[in-house]
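Below, each chain spelled out in residue letters.
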Amino acid sequence: MTSPAWTDDEIVARIRDFAKVRRLPRPAPAQAADEFEALTGFPMQPLLRRIYCEAADGGFGPYGGALRRRGSVPCGVVSLTDTKQRFSNEVSLTTLYRTWLSQPPGEDGFHPRNVLPLATLGGVIWWCIDLSTPEGRMWGGDENACDRHWLAPQDLTLAEWLTDWLRGDHTPPVIPAVPGCPIC
């Protein structure tokens, strides 16, 4: 991150403007956020909840609402509800979390229940959010890496990540190579 994050009010207002221009889905009902919290057992990060319920039900974030290249997966934050507009191959954040829960953790698998893929950069690269942190610590995910090392914490909060994106920074997450891993 290059400079301090904007306030939550500034971020919500800018995303609301972005949503109007890009014709993103209308905001989700608060009940959908309540149901998501009940499903996960974690409170939704307050800024993320405000964006979903006051600005747009998905499609914002890096490359939001657009295809990075012809024939690729649409990019952006996954919708909280099934809006019929897709910003990944996922129907909704709720469906994505249920799929996440169904993944066998296994000995080599790394599928923490508190870290949820949030926004795709076109398929296998994901920005993820740690649902267990009040500030919404961001993680990066690269599905091309091995099952054990595909996720890595990033030095960003949700507010910092969104501020950087709104200022034009579309930097992908950094997934470091793991020395000694025969797969990575």
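Residues numbered from 1 in each chain as written. Predicted model: local features only at pLDDT ≥ 70, side-chain atom pairs only at ≥ 80, totals over all residues. Heavy atoms only, no water.

Remarks on unusual backbone geometry
Positive phi is not limited to glycine here, since Arg-23 has a value of about 55°. Within the secondary structure, Arg-23 is located in the loop between helix H1 (8-22) and helix H2 (30-40). Taking the relative accessible area as the measure of exposure, Arg-23 reaches 70% and is therefore exposed. (Helix = DSSP H or I, 4+ residues; strand = E, 2+ residues; numbered from the N terminus. Buried < 20%, exposed > 50% of the residue type's maximum accessible area, 1.4 Å probe, protein only.)

Regarding the sheet that holds strand S1 (residues 76-77)
Strand order in the open sheet made by the five strands is S1-S2-S3-S4-S5, with antiparallel pairing throughout. On the outer flanks of this sheet lie S1 and strand S5 (151-157), each paired with one strand and no other. The sheet contact formed by S1 and strand S2 (residues 115-120) spans two bridges and is antiparallel. The residue bridging Val-77 from the neighbouring strand is Ala-119, located in S2. Across the sheet, helix H4 (residues 93-102) lies against S2, strand S3 (125-130) and S5, angled at about 135° from S2, the strand it touches most. This element, helix H5 (residues 158-166), spans S1, S2, S3, strand S4 (137-142) and S5 of the sheet and lies at about 75° to S5. (Pairing = 2+ DSSP bridges. Contact = heavy atoms within 4.5 Å. Axes fitted to C-alpha atoms, helices over the stretch in contact; angles between N-to-C directions.)

A closer look at the pattern of salt bridges
Under the criterion given, the structure shown has seven salt bridges. Notably, a salt bridge pairs Arg-16 with Glu-54, separated by 3.7 Å at the nearest N-O pair. Residue Arg-16 is located in helix H1, and its partner Glu-54 is located in helix H3 (residues 46-55); the two are separated by 38 residues in the primary sequence. With a relative accessible area of 34%, Glu-54 lands in the partly exposed category. In this structure, the salt-bridge partner of Asp-82 is Lys-84, at a minimum N-O distance of 3.1 Å. Asp-82 sits in the partly exposed class, given a relative accessible area of 36%. (Salt bridge = Lys/Arg side-chain N within 4 Å of Asp/Glu carboxyl O.)

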